[in-house]
Amino acid sequence: MGRFGLPFLIDIGIDGFLLKADALKLHEMTRRSSGNILELGTHKGLSTSIMAKALNARGSGQLETVDIDADANAVARTNVAAREGAERVTFTLKDATLRLDELIAEGHRFGFVFVDHWHGYQATHEAASRMASVLEPGGFVFFHDYLGAGNADPGHVYGVYQAVLDTICEDERFAFYGNFGCCGLYRYLP
Ligand SMILES: C[S@@+](CC[C@H](N)C(=O)[O-])C[C@H]1O[C@@H](n2cnc3c(N)ncnc32)[C@H](O)[C@@H]1O
């Protein structure tokens, strides 16, 4: 049975909402990608722990995970510390856009980026429009709640799908690699 008794949610003992299909693809992309990994939106470490485990299986690479919620971050650190791959994880408490701009200024690049912070249009637009500057050539970006029903409702706070349409989908260096769970996967091919 899945989280909250819902068979489609993963339950590995950490609070959060990930479809089993999201979690499986996160693990696969982390395990199969090259280089380091960036996550925007740690919450209590559910996706972080899955990617840390995959990095551990890969035997290389580091994961930086970014969030602005100090209380949730403390829980995430405890959750991840008890699991495989914990030594590969760095927690950053900062706004995602600010951290992206720092990483870009410092010349960091990532093989895989999981975008799962604020799902509004502006925050997603800010992240998506920076992906060409933080992804390695051939790297992948995975947007959570890309297929969330809220995206279709103009009155809803979600704007993931529209923000990706207005950024990455306008950039011929990105190719669509499919939908997995409620996520959208794109590859940077400059
Ligand atoms: C949907 S949750 C992340 C879920 C997590 N990936 C998981 O698997 O459980 C979104 C998180 O993004 C964080 N967040 C919201 N706005 C943010 C921002 N501007 N910068 C960084 N993190 C942000 C929230 O504090 C929250 O913990």
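The residue numbers shown here count from 1 along each chain, following its written sequence. Reporting of local features is limited, given that this is a predicted model, to residues whose pLDDT is at least 70; pairs of side-chain atoms are given and counted only at 80 or more, and all residues count toward the totals for whole chains, interfaces and linings. The side-chain figures draw on all heavy atoms in the structure; neither hydrogens nor water molecules are used.

Draft legend 1. View of the pattern of salt bridges. Note on definitions: salt bridges are taken to be side-chain nitrogens of Lys or Arg within 4 Å of carboxyl oxygens of Asp or Glu. Here the structure, examined in full by the defined rule, presents 7 salt bridges. For E64, the salt bridge is made with R99, and the minimal N-O distance between the two is 2.6 Å. With E64 in strand β2 (residues 63-67) and R99 in helix α4 (residues 96-105), this residue pair connects regions lying 35 residues apart in the sequence. Each residue's exposure class comes from its accessible area (1.4 Å probe, protein chains only) as a fraction of the maximum for that residue type: buried when under 20%, exposed when over 50%, partly exposed otherwise. For E64, a relative accessible area of 10% translates into the label buried. Assessed through its relative accessible area of 12%, R99 is described here as buried. A salt bridge links E102 to R99, with the nearest nitrogen and oxygen atoms 2.7 Å apart. Put simply, DSSP marks the helices as runs of H or I at least four residues long and the strands as runs of E at least two long, and each gets a number from the N terminus on.

Draft legend 2. Highlighting the site of the ligand. Around the ligand, the surrounding shell holds 16 residues, and the nearest of these are G41, S47, D67, D95 and D116. In protein, a polar contact means a hydrogen-donor-capable atom and an acceptor-capable atom, both N or O and within 3.5 Å, with residues adjacent in sequence counting only if both atoms are side-chain atoms; elsewhere, any N or O pair within 3.5 Å suffices. Here a nitrogen atom of the ligand sits 2.7 Å away from a polar atom, N or O, in the side chain of S47. Here D95 contributes a side-chain N or O atom positioned 2.8 Å from a nitrogen atom of the ligand. For the ligand, the accessible surface in isolation is 600 Å², of which the surrounding protein chains cover 83%. For the shell around the ligand, the residue count by class is 5 nonpolar, 5 polar and 6 charged. Residues are counted as near a molecule or strand when any one of their heavy atoms sits within 4 Å of it. For the area figures, the Shrake-Rupley method with a 1.4 Å probe applies, and any residue is considered shielded solely by the protein chains shown. Only Asp, Glu, Lys and Arg are considered charged, only Ala, Val, Leu, Ile, Met, Phe, Trp, Tyr, Cys and Pro nonpolar, and every remaining residue, Gly among them, polar.

Draft legend 3. Geometry of the environment of F4. Summarising the element assignment, F4 is placed in the segment before α1 (20-32). Sequence separation between F4 and E102 is 98 residues; the distance between their C-alpha atoms is 38 Å. The contact rule is simple, with two residues in contact once any of their heavy atoms fall within 4.5 Å. Non-local contacts of F4, meaning those with residues more than four positions away in its chain, are made with L9, G16 and F17.

Draft legend 4. Seen up close, the nonpolar core. Throughout this description, the term nonpolar core refers to a set of buried Ala, Val, Leu, Ile, Met, Phe, Trp, Tyr and Cys residues connected via side-chain atoms within 4.5 Å. In this structure, L26, I50, M51, F112 and F142 are the most contacted members of the largest nonpolar core, which totals 25 residues. The leading source of residues in this core is helix α2 (residues 46-58), at 5 residues. Of all hydrophobic cores here, the second largest spans 24 residues; its members include L40, V115, A128 and Y188.

Draft legend 5. The packing of α1 against α2, seen in detail. Here α1 crosses α2 at 35°, and the two axes come no closer than 8 Å. Where α1 crosses over α2, the two elements pack in a sense that is right-handed. From α1, A23, L26, H27, T30 and R31 reach across to α2, where they touch S47, I50, M51, K53, A54, L55, A57 and R58. Residues that form the contact of α1 with α2 fall into these classes: 7 nonpolar, 3 polar and 3 charged. To obtain each axis, a line is fitted to C-alpha atoms, and for helices this fit is confined to the stretch in contact; angles are then taken between N-to-C directions over 0 to 180 degrees. Each crossing gets its handedness from the near helix: less than a right angle anticlockwise from the far helix is left-handed, clockwise is right-handed.

Functional significance is not addressed by these values, which are geometric in nature.
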